[in-house]
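Here is how the chains run, residue by residue.
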Amino acid sequence: MLIVQKFGGTSVGDLDRIQNVANRVSESKKAGNDVVVVVSAMSGETNKLLGFAKHFSSNPSRADMDMLLSSGERVTASLLSIALNEMGFGAVAMTGRKAGIITTNHHTKARIEEINPHAIQKSLKDSNIVIIAGFQGVNSAGDITTLGRGGSDLSAVAIAGALKADLCEIYTDVDGVFTTDPSINEKAKKIDKISYEEILEMSSLGSKVLQPSAVQTAMINNIPVYVRSTFPEKPGTKI
């Protein structure tokens, strides 16, 4: 089975959590699966980089911001690859460019136009776990672009579609999709299964479960998506 797993910022928030992710990924590999991992920047990293930019300019160029902000995901991908290799698993870290993600020219809010998965497929054929820096790609001119807030979700689902993966798992700090925000309402109930249309409506209304573009991509490509917690091993929600 070919699985794409995406881990958000809280899941990779510090070195211990990156090690926890490495353990989770290694279990999927040991179960006989081919595994592609898409990672976000460590929690707080993007805001820190935004603060650095604002120190010098109140209006930096969007191209410079893409160059700056895309570095957070590359750090996480590299560290996770190092951790997995140290555990004895072959792992390769890739930027969006290396992964073949081609986007529009809209800096900081680009959309994915196509994915050439050749480098990913070659690494998988060599039995490697492939770790991809989410949230980023390159435009037709070869400039780094980013995909907006929640862009790593889009990276993961689009890569799953390009690879014709069996499923895409979105790991986060909650157990799945809830009827309302569980951090605000203690009576919120986890939903075991939800349609693409329903989750798209929730996302469009401000729910932070998945980026709307990621939901649309999953729906177009008919990709089974599971939202589940990185920490307790629970079933999560199937989309």
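Placed above this text is the structure.
In what follows, the accompanying structure is described.

Calculation rules
- Residues numbered from 1 in each chain as written.
- Predicted model: local features only at pLDDT ≥ 70, side-chain atom pairs only at ≥ 80, totals over all residues.
- Heavy atoms only, no water.
- Phe/Tyr/Trp six-rings, centres within 6.5 Å; stacked < 30°, edge-to-face > 60°.
- Helix = DSSP H or I, 4+ residues; strand = E, 2+ residues; numbered from the N terminus.
- Buried < 20%, exposed > 50% of the residue type's maximum accessible area, 1.4 Å probe, protein only.
- Salt bridge = Lys/Arg side-chain N within 4 Å of Asp/Glu carboxyl O.
- Core = buried A, V, L, I, M, F, W, Y, C linked by side-chain atoms within 4.5 Å.
- Axes fitted to C-alpha atoms, helices over the stretch in contact; angles between N-to-C directions.
- Parallel < 35°, antiparallel > 145°, perpendicular 65-115°, else oblique.
- Left-handed = near helix turned anticlockwise from the far one by under 90°.
- Contact = heavy atoms within 4.5 Å.
- Nonpolar A, V, L, I, M, F, W, Y, C, P; charged D, E, K, R; others polar.

### Examining the packing of aromatic side chains
1) Next: The final tally for this structure, using the stated rule, is 1 aromatic pair.
2) Next: Between Phe-7 and Tyr-171 the ring centres are 4.6 Å apart and the planes differ by 10°, which places this aromatic pair in the stacked class. Of this pair, Phe-7 sits in strand E1 (residues 2-7) while Tyr-171 is found in strand E9 (residues 167-172), placing the two residues 164 residues apart along the sequence.
3) Next: The exposure class assigned to Tyr-171 is buried, which follows from its relative accessible area of 5%.

### Overview of the pattern of salt bridges
1) Next: Scanning the model with the defined rule gives 6 salt bridges in all.
2) Next: Here Lys-30 ties to Glu-27 by a salt bridge, and the two come within 3.0 Å at their closest N and O atoms. Of the two residues, Lys-30 and Glu-27 both sit in helix H1 (residues 15-30), 3 residues apart, roughly one turn of that helix.
3) Next: The exposure class assigned to Lys-30 is exposed, which follows from its relative accessible area of 54%.

### Here we look at the nonpolar core
Nonpolar side chains in soluble globular proteins tend to be buried together.
1) Next: Within the largest apolar cluster, 38 residues are counted, with the highest numbers of intra-cluster contacts made by Val-4, Val-36, Ile-120, Ile-132, Ile-159 and Cys-168.
2) Next: Residue contributions to this core peak at 7 residues, all from helix H5 (residues 151-163).
3) Next: Within the second largest apolar cluster, 20 residues are counted, among which are Ile-18, Val-21, Val-37 and Ala-77.

### Quick word on the packing of helix H2 (residues 45-56) against helix H3 (residues 62-86)
1) Next: Contact geometry for H2 and H3: axes closest at 9 Å, N-to-C directions at 150°. Between H2 and H3, the crossing angle belongs to the class labelled roughly antiparallel. Taken as a pair, H2 and H3 cross one another with a handedness that is right-handed. Residues Glu-45, Thr-46, Leu-49, Leu-50 and Ala-53 of H2 touch H3, and the partners they reach there are Met-65, Leu-68, Leu-69, Ser-71 and Gly-72.
2) Next: Residues that form the contact of H2 with H3 fall into these classes: 6 nonpolar, 3 polar and 1 charged.

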